[in-house]
Amino acid sequence: MRPIRAELSTTALLHNYALAKSKAPNSQVFAVVKANGYGHGLDWIARTLRDADAFATLEIESAIKLRNKGITQPILMLEGFFGNDEIPTFVRYHLTPVVREHEQIKAIADAELDAPLDIFLKFNTGMNRLGLQGPLTGFAINTAASHRNIGAVTLMTHFATADGELGIAAQLKKFEEIVNSAKPAFTKKRFTQSLANSAAILRFPETHRDWVRPGIMLYGSSPFAEKSAAELGLKPVMTLRSEIIATQTLAAGDTVGYGATYTAKKKMRIGIVGCGYADGYPRHAPGSNERGTPVLISGAHTRTIGRVSMDMLSVDLTEIPHAHVGAPVTLWGEGLSVDEVAKAAGTISYELFCGVTARVPMVEVE
Ligand SMILES: *Cc1c(COP(=O)(O)O)cnc(C)c1O
């Protein structure tokens, strides 16, 4: 059997969830499981985190799947509904939409509903993707406070730079202004609040409020460029493993792989790993003479050599003489942070996780 597999650690996932909980002890935690649980498999994530306070996703099929699997906690739909005809489905499955357009509030108010809908009212405070802003926020807030079709209301925003130098100050200020302007409506209904993603949970306790929304930290990757997951106390959930399936000995001047982008400067030994871009390993991971991408072979650190091809990639085994065909390879995860690999490949862990393809078996481990 082809040796590639993604091992998923139950212990690590539960540990990271508990860490998110302990960082925001007075908040309820939405486990963010969009995009198939950041590529880890929605079923496994939901089964392992079945006692989470709540879940957040954005694909309606995923939300229905969670309900059919017996998840009864709140399910937040991070992009709400895309057409008003979806509103009855939200009511039927008791899903909580993010309401982000003035027309959406009107559509909920105008609908004939069997039961009121809990909503998250999203405000655009600077990310400039989704959310209400300007004079229309007042109408949305008042309708949310008083209309019979609307149940619990949470005021929400999303930070663009919680992980970086710019921080959250400007967006938080805008959010507070909106909350203050909405104060008169609070006499009719208590509104809760939700602001923090992983970076804000770890860095800005003042953003925790009623509900936090950790995604990437649950999967054991750091939201910060300058602070490692290990330093944050996070444990890798996914370890992408394979094996050496062949070795080659190169003479000085020999090249490796498509495009001959790596040239041996002296005699060297290389290994061929059963993993390529059709498994989700990034094709742009560098493997030139100047720069490689980190890989772990039999526990020893080495680097990729030449271009990543569809089903294979090559690694330098010159300093690992005991590594032969069958030697274990870690592409990322336990012992080699996904963040290091992502950085070398010019991307982020989120993209690597989401990119793992369907042909890679997912295997649960302790
Ligand atoms: C994806 C997402 C999150 C989780 O972000 P992380 O950086 O993975 O913690 C939180 N809130 C919203 C609105 C999201 O779309």
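Draft legend 1. Examining the domain arrangement of the chain more closely. Split by domain assignment, the chain resolves into domain 1 (10-219) and domain 2 (238-365). Centre-to-centre separation of domain 1 and domain 2, based on C-alpha positions: 38 Å. Carbon and sulfur atoms make up 59% of the surface buried where domain 1 meets domain 2, a total of about 770 Å² over both sides. Among the residues domain 1 hides against domain 2, the three largest losses belong to Tyr 38, His 40 and Ile 216. Together they make up 54% of the total. Inspection of the domain 1/domain 2 interface yields one salt bridge. As a salt-bridge pair, Arg 47 and Glu 364 come within 4.0 Å of each other at their nearest N and O atoms.

Draft legend 2. Highlighting the environment of Leu 130. Position of Leu 130 relative to the elements: it lies in the loop between strand E6 (117-122) and helix H7 (136-146). Between the C-alpha atom of Leu 130 and that of Thr 157, which follows or precedes it by 27 residues, the distance is 9.1 Å. Among all residues touching Leu 130, those that are not within four sequence positions of it are Glu 79, Arg 100, Lys 122, Phe 123 and Asn 124.

Draft legend 3. Fine view of the site of the ligand. Residues in close proximity to the ligand total 13 residues, the closest being Lys 34, Tyr 38, Ser 198, Ile 216 and Tyr 350. Gly 215 is positioned with one of its backbone polar atoms (N or O) 2.9 Å from an oxygen atom of the ligand. Note that an oxygen atom of the ligand is positioned 2.8 Å from one of the backbone N or O atoms of Ile 216. Calculation on the ligand without its partners gives an accessible area of 390 Å², and the protein chains cover 92% of this total. Residue classes in the shell around the ligand are distributed as seven nonpolar, four polar and two charged.

Draft legend 4. Up close: the nonpolar core. Of all hydrophobic cores here, the largest spans 114 residues; its most connected members are Leu 121, Tyr 281, Ile 297 and Trp 332. Taken domain by domain, this core gets at least three of its residues from each of domain 1 (10-219) and domain 2 (238-365). Residues Met 268, Ile 270, Ile 272 and Ile 305 belong to the second largest nonpolar core, which totals eight residues.

Draft legend 5. Molecular detail of unusual backbone geometry. With a phi angle near 50 degrees, Ala 35 is a residue other than glycine that sits in the positive phi range. Along the polypeptide, Ala 35 turns up in helix H2 (residues 34-38). Looking at Ala 35, the relative accessible area reads 31%, which means it is partly exposed.

Draft legend 6. Up close: the environment of Leu 202. For Leu 202, the position within the fold is in helix H9 (residues 198-203). When near neighbours in sequence (up to four residues on either side) are disregarded, Leu 202 contacts Lys 23, Met 217, Pro 223, Phe 224 and Leu 232.

Draft legend 7. The arrangement of the pattern of salt bridges in detail. Enumeration over the complete set of coordinates arrives at twelve salt bridges. Two residues, Asp 53 and Lys 21, come together in a salt bridge whose shortest N-O distance is 2.5 Å. Here Asp 53, found in the loop between helix H3 (42-48) and strand E3 (54-57), pairs with Lys 21, found in helix H1 (residues 10-23); they are 32 residues apart in sequence, far enough to count as distant. A residue is classified by how much of its surface remains accessible, and Lys 21, at 26% relative accessible area, is partly exposed. Among the salt bridges present, the one from Lys 173 reaches Glu 177, with a minimum N-O distance of 3.4 Å. On the criterion of helical spacing, the pair formed by Lys 173 and Glu 177 is a turn pair, its members being four residues apart in helix H8 (residues 169-182). Look at Lys 173 and you get exposed, because its relative accessible area is 57%. Look at the salt bridges and you will find they share partners, linking Arg 2, Asp 279, Asp 311 and Arg 359 into a network.

Cut-offs applied
- Residues numbered from 1 in each chain as written.
- Predicted model: local features only at pLDDT ≥ 70, side-chain atom pairs only at ≥ 80, totals over all residues.
- Heavy atoms only, no water.
- Domains from an automatic or database assignment.
- Buried area = accessible area lost by both parts, 1.4 Å probe.
- Salt bridge = Lys/Arg side-chain N within 4 Å of Asp/Glu carboxyl O.
- Helix = DSSP H or I, 4+ residues; strand = E, 2+ residues; numbered from the N terminus.
- Contact = heavy atoms within 4.5 Å.
- Near = heavy atom within 4 Å.
- Polar contact = N/O pair within 3.5 Å; in protein donor to acceptor, adjacent residues only side chain to side chain.
- Areas by Shrake-Rupley, 256 points an atom, 1.4 Å probe, with all protein chains shown as cover.
- Nonpolar A, V, L, I, M, F, W, Y, C, P; charged D, E, K, R; others polar.
- Core = buried A, V, L, I, M, F, W, Y, C linked by side-chain atoms within 4.5 Å.
- Buried < 20%, exposed > 50% of the residue type's maximum accessible area, 1.4 Å probe, protein only.

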